[in-house]
Every structure is written in C-alpha cells, then in structure tokens.
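Residue-level structural notes
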Amino acid sequence: MDGTRKLHIKSYGCQMNVYDSQRMTDMMAREGFEETAAPETADLIVLNTCHIREKAAEKVYSELGRIRQLKQAAAREGRKLLVAVAGCVAQAEGKEIIRRAPVVDLVFGPQNYHRLPDLLAQAERGAKVVDTEFAVEDKFDHLAPASAAATRARGVSAFVTVQEGCDKFCTFCVVPYTRGAEVSRPVATIVAEVERLAGAGVREVTLIGQNVNAYHGEGPDGPSTLGRLLRRVAEIPGIARLRYTTSHPRDMEASLIAAHGDLPALMPQLHLPLQSGSDGILAQMHRRHSRAEYLDVIARLRKARPDIAFTSDFIVGFPGETEDDFRATLSIVDEVGYAGAFSFKYSPRPGTPAAERDDQVEEAVKVERLARLQAAIDRRQSIFNEQCVGRTFDVLFEKAGRRDGQLVGRSPYLQPVQAMARAALIGEVVAVTISEAGTNSLFGTLARPASSRHRAQLASLET
Ligand code: SF4
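Read on for an overview of the structure.

Conventions we followed
- Residues numbered from 1 in each chain as written.
- Predicted model: local features only at pLDDT ≥ 70, side-chain atom pairs only at ≥ 80, totals over all residues.
- Heavy atoms only, no water.
- Salt bridge = Lys/Arg side-chain N within 4 Å of Asp/Glu carboxyl O.
- Buried < 20%, exposed > 50% of the residue type's maximum accessible area, 1.4 Å probe, protein only.
- Axes fitted to C-alpha atoms, helices over the stretch in contact; angles between N-to-C directions.
- Helix = DSSP H or I, 4+ residues; strand = E, 2+ residues; numbered from the N terminus.
- Left-handed = near helix turned anticlockwise from the far one by under 90°.
- Contact = heavy atoms within 4.5 Å.
- Nonpolar A, V, L, I, M, F, W, Y, C, P; charged D, E, K, R; others polar.
- Near = heavy atom within 4 Å.
- Expected span 1.5 Å × (residues − 1).
- Pairing = 2+ DSSP bridges.
- Parallel < 35°, antiparallel > 145°, perpendicular 65-115°, else oblique.
- Phe/Tyr/Trp six-rings, centres within 6.5 Å; stacked < 30°, edge-to-face > 60°.
- Lys NZ or Arg CZ within 6 Å of the ring centre and 35° of its normal.

Looking now at the pattern of salt bridges. One pass over the full model with this rule turns up 34 salt bridges. With a shortest N-O distance of 2.9 Å, Glu193 and Arg185 are connected by a salt bridge. The buried category is assigned to Glu193, whose relative accessible area is 7%. A single network of salt bridges, built from pairs that share partners, joins Glu321, Glu323, Arg327, Glu368, Arg369 and Arg372.

Their axes nearest at 10 Å, the elements helix H8 (residues 187-199) and helix H9 (residues 226-234) cross at an angle of 35°. Handedness of the crossing formed by H8 with H9: right-handed. Contacts between H8 and H9 pair Val187, Ile190, Val191, Val194 and Glu195 from the former with Leu229, Arg232 and Val233 from the latter. Residue composition of the contact of H8 with H9, grouped by class: six nonpolar, no polar and two charged.

Turning our eyes to something else, we now look at the site of the ligand. Around the ligand, the neighbouring residues are Cys166, Lys168, Phe169, Cys170, Phe172, Cys173, Val175, Pro176, His248 and Arg287. A breakdown of the residues in the shell around the ligand according to their chemical character gives seven nonpolar, one polar and two charged.

Each full turn of the α-helix corresponds to 3.6 residues, which orients residues three or four apart in the same direction. With 15 residues, helix H1 (residues 15-29) should cover 21 Å at 1.5 Å per step; its first-to-last C-alpha distance of 21 Å lies within 8% of that length. Among the 15 residues in H1, 11 count as buried, and that is most of the element.

This next bit is on the sheet that holds strand E18 (residues 406-410). Either a parallel or an antiparallel arrangement is found when strands of a sheet pair, and the pairing is made through backbone hydrogen bonds. In spatial order, the strands read E17-E18-E19-E21-E20; together these five strands close into a barrel with mixed pairing. Direction aside, the axes of adjacent strands within the sheet are offset by 50° on average. Here E18 runs beside strand E19 (residues 416-420); their pairing, made up of five bridges, is antiparallel. In the strand pairing of E19, Arg410 is matched with Pro416. This element, helix H14 (residues 363-388), spans strand E17 (392-400), strand E20 (429-437) and strand E21 (442-446) of the sheet and lies at about 120° to E20.

Attention now moves to the sheet that holds strand E15 (residues 309-316). Strand order across the open sheet formed by three strands is E14-E15-E16, with parallel pairing between neighbours. Two strands close off the open sheet at either side, each with one partner strand: strand E14 (269-271) and strand E16 (340-345). Pairwise comparison of adjacent strand axes, ignoring direction, gives a mean angle of 10° for this sheet. Relative to E15, E14 runs parallel, the two being bridged by three bridges. Bridging from a neighbouring strand, Leu270 pairs with Phe310 of E15.

Further remarks concern the packing of H9 against helix H10 (residues 254-262). Running from amino to carboxyl end, H9 crosses H10 at an angle of 30°, the nearest separation of the two axes being 7 Å. Accordingly, the angle class assigned to the pair H9 and H10 is roughly parallel. Contacts between H9 and H10 involve Leu226, Gly227, Arg228, Leu230 and Arg231 on the former and, on the latter, Ser255, Leu256, Ala258, Ala259 and Asp262. Partitioned by chemical class, the residues of the contact of H9 with H10 number five nonpolar, two polar and three charged.

Another aspect to go through is the packing of aromatic side chains. In the structure shown here, the tally under the stated rule is five aromatic pairs. Geometrically, the ring pair formed by Phe169 and Tyr177 is edge-to-face, given 5.5 Å between the ring centres and 80° between the ring planes. The class of Phe169 is partly exposed, set by a relative accessible area of 39%. The structure contains a cluster of three or more aromatic residues connected by ring pairs, namely Phe384, Phe393 and Tyr413. In this arrangement the basic side chain of Arg100 is found over the ring face of Tyr61, its NZ or CZ atom lying 3.8 Å from the centre.

What follows is the structure, encoded as structure tokens:
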C-alpha cells in the first residue's frame with residue numbers, strides 16, 4: 001500500500017461502535033490508511049452499523065444509495081472506491097446486503113473487524129466478501145493500539161471495551177444474536193490499554209460492554225468481577241475518573257456496589273436500564289428482575305454513595321402493555337427521581353420472541369404514551385439540573401467552548417458544563433460553581449477558594 005489511501009468510517013449507534021470504529025482506524029493506519037471526514041475523497045468507506053433503532057437496515061440501504069454515486073464519481077476519476085458494511089446490521093443481514101446493494105464489496109460482523117486487512121485484500125482482487133461467522137480467535141489479540149497522537153486527538157475521555165455480547169436474551173432485543181455470547185477481556189490487557197491511554201493524556205475512562213457488569217475476565221487470581229476490575233483500573237496513575245456502561249440490574253453484585261462507596265474516581269452517576277416499571281411486562285421481557293428488586297438495587301447504591309444519580313432506558317408499548325402497566329412505568333420515574341432517561345416506542349426486531357406476538361400495541365397508543373413518559377422524564381431532568389445551581393462540582397474540562405475564552409467540560413453527572421477558563425485547563429479537573437442550568441448544559445465560574453494565595457492562582461487561570 002502506498003501510504004496515500006484514505007479511509008472514511010461512519011459510526012451508528014452505541015459507544016461500542018464508536019470504540020470499534022476507532023480500533024479499525026488504528027488498525028488501518030498500520031496498513032497505510034489515513035482517516036478522512038470527507039467520504040468523496042475516500043478509497044475505503046466503512047459503515048459501522050447498529051441494529052437497535054427502528055428501520056436500522058433501511059437507513060443503511062438508503063446511505064448505500066448515496067455511496068453508489070460516490071463510487072461512480074470515483075470511477076470517473078480513475079479511482080477505485082471500496083465499500084464495507086460492518087457492525088450489527090452486517091451481522092444480521094449478511095450476504096443479503098450485497099444482493100440488495102451491489103455497491104458493497106465487503107460485509108463483516110462486529111466480531112470480525114480485526115480481519116479487515118485480509119478481507120480488503122480479497123475485495124481488491126475483485127471478490128465480494130462476507131464474513132459474519134463468529135471468530136474463534138479473540139479480535140483484541142489482533143488489534144494495534146492507537147498512536148499517542150491519535151489518542152490525544154480524540155480527547156481526554158476514552159472508552160475501553162471490557163466485555164462484549166449478551167447471554168440475557170431479553171425478548172425484544174437482537175444483541176445476543178448480533179453480538180453473540182458474553183466474552184470478557186482479561187484484566188491484564190485492559191490495564192495495559194488504560195495505562196497507554198493515561199500515558200497519552202486521557203483522564204477519564206468509561207469501561208463499556210453490552211452487559212458490562214456481567215464482566216468476568218481472567219484476573220491474577222482467577223475470574224474477576226467488574227467491581228474488582230474498577231479497583232485495579234482506579235490505581236493507574238493519571239486516571240482521575242471512571243465510569244461504566246451499560247449495566248443490567250441483575251448483575252449489580254455486592255463488590256460492584258461497594259466500589260461506588262470506596263472509589264472516589266468512580267463517578268456518582270449510573271445508567272441502569274429498567275425498560276418498564278410493570279412486573280408483568282418485566283417478566284414478559286424476560287428481564288429476570290422485578291420492580292421491587294430494581295428499587296432495592298437503587299437503594300443499596302444510594303447507601304454506598306449517597307450523592308449518586310441515575311439514568312435509565314424505557315420502552316413503551318411492549319406487546320400486551322396495558323394502561324396500568326404504562327402507569328407503573330410513569331410512576332417509577334418520580335419514585336427513582338432520574339436525572340435523565342432515554343425512552344423509545346417498542347418496535348419489533350425480526351427473529352426476537354416479542355416480534356412474533358399477536359398483541360402488538362397500536363402505533364397511536366405508543367405515540368401518546370411516549371409523549372407522556374418523555375414529559376415526565378424531562379420534568380425530572382429539569383428538577384435535577386436546577387438542583388445543581390449553587391453547587392460546586394469537579395469538572396473535567398474537555399475542549400474549547402463556542403465563545404472565546406470558554407471551556408466545556410463534564411460534571412460528575414455527565415452534564416456539559418461551560419465556564420470561562422484558560423485553555424491550559426483542558427484535561428484538568430477543576431472546581432466550578434454552577435450559576436445557571438440550561439436545557440442541555442450547566443453554566444458556571446471557577447470556584448473561589450478561601451485563601452488569597454488561591455485566589456491569585458485562580459485569577460491567572462481565568463480568562
Ligand atoms: S441485557 Fe441488554 S443487550 Fe442483553 S438482551 Fe437484554 S436488552 Fe439486549
């Protein structure tokens with residue numbers, strides 16, 4: 001390869017896909033590919049797809065329609081543009097993608113992206129390549145780490161995949177089919193990756209997995225839990241903040257809950273999907289816990305870390321959901337007092353048990369319930385944000401803001417915080433007093449410490 005080729009990756013969906021796309025970019029850098037944000041200049045376009053949202057496959061096909069024109073334009077210029085579809089839609093659709101969209105040269109699933117250089121070589125020889133078998137080898141063993149410069153360019157917060165796949169088989173979800181069974185990376189490889197990130201200036205790490213708290217990777221004394229892994233990662237010099245997502249309420253085991261009380265670096269914010277507040281619907285979703293058990297987990301976490309805040313995911317209009325079931329979901333929004341939540345209308349995923357049911361809820365009912373639920377969530381989120389005004393938070397500054405002299409960072413609760421501060425504070429955790437809560441951001445000023453010496457230091461950092 002001649003070192004001048006360009007790669008454009010478009011990522012859909014969750015952080016797992018963002019992480020996978022970064023690792024593909026790092027791997028292809030070794031093959032002489034440079035990342036470009038401009039698809040019209042690319043020699044290889046990868047769509048890293050997600051199957052969670054409604055009509056996910058149709059959205060990919062319409063994007064491929066646009067890419068077909070780019071491929072034709074490249075051919076007119078005498079260039080060859082190769083097109084790959086990766087991720088969960090690729091896993092679910094397989095060779096159907098190439099049948100429906102002949103513009104595509106390669107299709108590969110989330111467990112196979114480490115094979116991209118080999119698959120690309122086959123496609124360059126003119127083959128149409130489909131690789132959606134679950135790989136027997138561990139893809140993480142075959143991936144190149146990012147260079148320090150690439151890591152720095154991605155900012156002071158980073159994701160690290162620690163676990164993939166899911167064994168839960170919730171009746172609405174395709175993940176166990178597209179990502180396969182749960183697999184956890186060994187503790188030592190995760191620690192090495194976080195040490196590399198810290199060495200390149202990363203201050204905050206979010207450990208990610210489809211069912212992250214089912215983590216059971218090999219540690220020095222046998223299989224580890226996520227709680228033990230977090231304790232180990234918290235020891236790495238330079239890492240100021242830890243988070244993890246996405247968790248299943250059933251897997252919030254004692255050492256993980258205790259970690260929330262013991263580790264100052266573990267941020268007091270947890271995304272804990274509930275999906276429904278109704279015991280009947282939870283059972284039909286095969287969530288394996290009741291409303292009371294979920295509330296018990298929340299109570300235990302609050303006991304360990306009294307300032308913890310929760311966010312969640314909800315589905316409305318699951319097959320058979322009655323108005324009473326839905327009201328149980330509405331009521332738990334206030335009972336928990338969420339700081340925010342994502343809510344969706346149920347939509348059938350082919351191949352999942354709930355999609356086969358003949359008691360689907362009418363679309364108009366789903367729309368109306370979703371509006372009511374979102375209003376309740378928005379109200380709770382506003383209350384939570386308003387309660388932040390007047391408080392002083394540690395904020396990790398991430399980048400320049402839109403206004404001159406302004407920086408944007410994140411509060412412990414993941415809210416964006418904007419404050420006037422010098423660029424030298426990017427990557428630093430700084431106390432900020434919140435003066436105003438907007439719809440999506442908080443605004444504040446660097447906190448005023450008591451002593452005059454500290455005030456003088458602060459004055460030199462503010463713009
Ligand atoms: S636990 Fe999450 S990823 Fe696993 S099947 Fe249920 S919803 Fe899907």
